[in-house]
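Structural features, examined
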Amino acid sequence: MGERIGIFGGTFDPVHVGHLVAAVNARHDARLDRVLVVVANQPWQKADRPVTSAEDRFAMVEAAVEDVEGIEASRLEIDRGGESMTADTLAVLADGQPGADLFLVVGNDVAAQLATWRRADEVKALASLVVVSRAGSKKPVVDDSWRPTWVAIPRLEISSTDLRERAADGRPLDYLVPPKAVHVIRERGLYAGGQMRRQADQSPRA
Ligand code: ATP
Ligand code: MG
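Summarised in this report is the structure supplied together with it. Predicted model, so just to flag it, every value in this text is computed and none were measured.

**Description of the environment of proline 179**
By the secondary structure assignment, proline 179 is in helix 8 (residues 179-188). A residue is classified by how much of its surface remains accessible, and proline 179, at 68% relative accessible area, is exposed. A C-alpha to C-alpha distance of 7.3 Å links proline 179 and alanine 64, two positions 115 residues apart in sequence.

This is the structure in structure tokens:
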């Protein structure tokens, strides 16, 4: 039997514990050998706002999954460059790992938008879908042609959008973002709040 590989894509600006809960539960419930957390280079769905550099987003994800068994950070879309398309990513993985079974892991907000995806038929032909569904949130309608597996996780009301706002106000990201990723944010001075706090940390005490 071929290796079962999960592909969990996103912007991860920044990565948070909701992402990790989704990835480890997808791996467990769908019996995946490993899950690749694929950091989008230029996410076409997010062209309307400035996105943190791909290298910084990758560094956060890499740090976050460092000690997590079976979860790996993937540079595939960053190294390919340009706009990130799931269909291209899956095609590269299918070529590189003949015989592997590919599973596209998505949260229920993404699952609800599948009809709007570019090149959806190619995606469907290359991978089965794993929908990580948050308890109590509206279950998306997913066509059977996607061969969906449903994975239940607790509802964690955490989003990168909210975390960017918190950081900008100087509020802590601790326990919402994995500790090693918080460290990367502080080291690199990412998001305005992290930078402000780092400068404050370095100022002499009164
Ligand atoms: P943003 O607020 O910038 O849209 P996000 O927190 O939604 O960021 P993304 O990078 O857009 O994160 O999402 C990557 C994947 O993670 C998607 O499949 C999304 O459904 C899933 N996801 C996002 N937040 C959660 C969460 N709290 N629990 C489970 N899955 C999540
Ligand atoms: Mg999102």
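**Side note on the packing of helix 2 (residues 54-65) against helix 8**
Following both chains from N to C, one finds helix 2 and helix 8 inclined at 145 degrees, their axes separated by 7 Å at the closest point. Where helix 2 crosses over helix 8, the handedness of that crossing is right-handed. Facing helix 2, whose interface residues are Glu55, Asp56, Ala59, Met60, Ala63 and Ala64, helix 8 presents Lys180, Ala181, Val184, Ile185 and Arg188. Split into classes, the residues belonging to the contact of helix 2 with helix 8 amount to seven nonpolar, no polar and four charged.

**Remarks on the site of ligand 1**
If you check the shell around ligand 1, you find 23 residues, and the closest are His16, Lys46, Asp109, Ser160 and Thr161. At 3.1 Å from an oxygen atom of ligand 1 is found a main-chain nitrogen or oxygen belonging to phenylalanine 12. In this structure, arginine 134 approaches ligand 1 through a side-chain N or O atom, which is 3.3 Å from a nitrogen atom. Of all the secondary structure elements, the ones that give two or more residues to the shell around ligand 1 are strand 1 (4-10), helix 1 (17-29), strand 6 (101-107), helix 5 (108-111) and helix 7 (160-168). Its residues placed into classes, the shell around ligand 1 shows eight nonpolar, ten polar and five charged.

Rules behind the numbers
Residues numbered from 1 in each chain as written. Chains lettered and ligands numbered in written order. Predicted model: local features only at pLDDT ≥ 70, side-chain atom pairs only at ≥ 80, totals over all residues. Heavy atoms only, no water. Helix = DSSP H or I, 4+ residues; strand = E, 2+ residues; numbered from the N terminus. Buried < 20%, exposed > 50% of the residue type's maximum accessible area, 1.4 Å probe, protein only. Axes fitted to C-alpha atoms, helices over the stretch in contact; angles between N-to-C directions. Left-handed = near helix turned anticlockwise from the far one by under 90°. Contact = heavy atoms within 4.5 Å. Nonpolar A, V, L, I, M, F, W, Y, C, P; charged D, E, K, R; others polar. Near = heavy atom within 4 Å. Polar contact = N/O pair within 3.5 Å; in protein donor to acceptor, adjacent residues only side chain to side chain.

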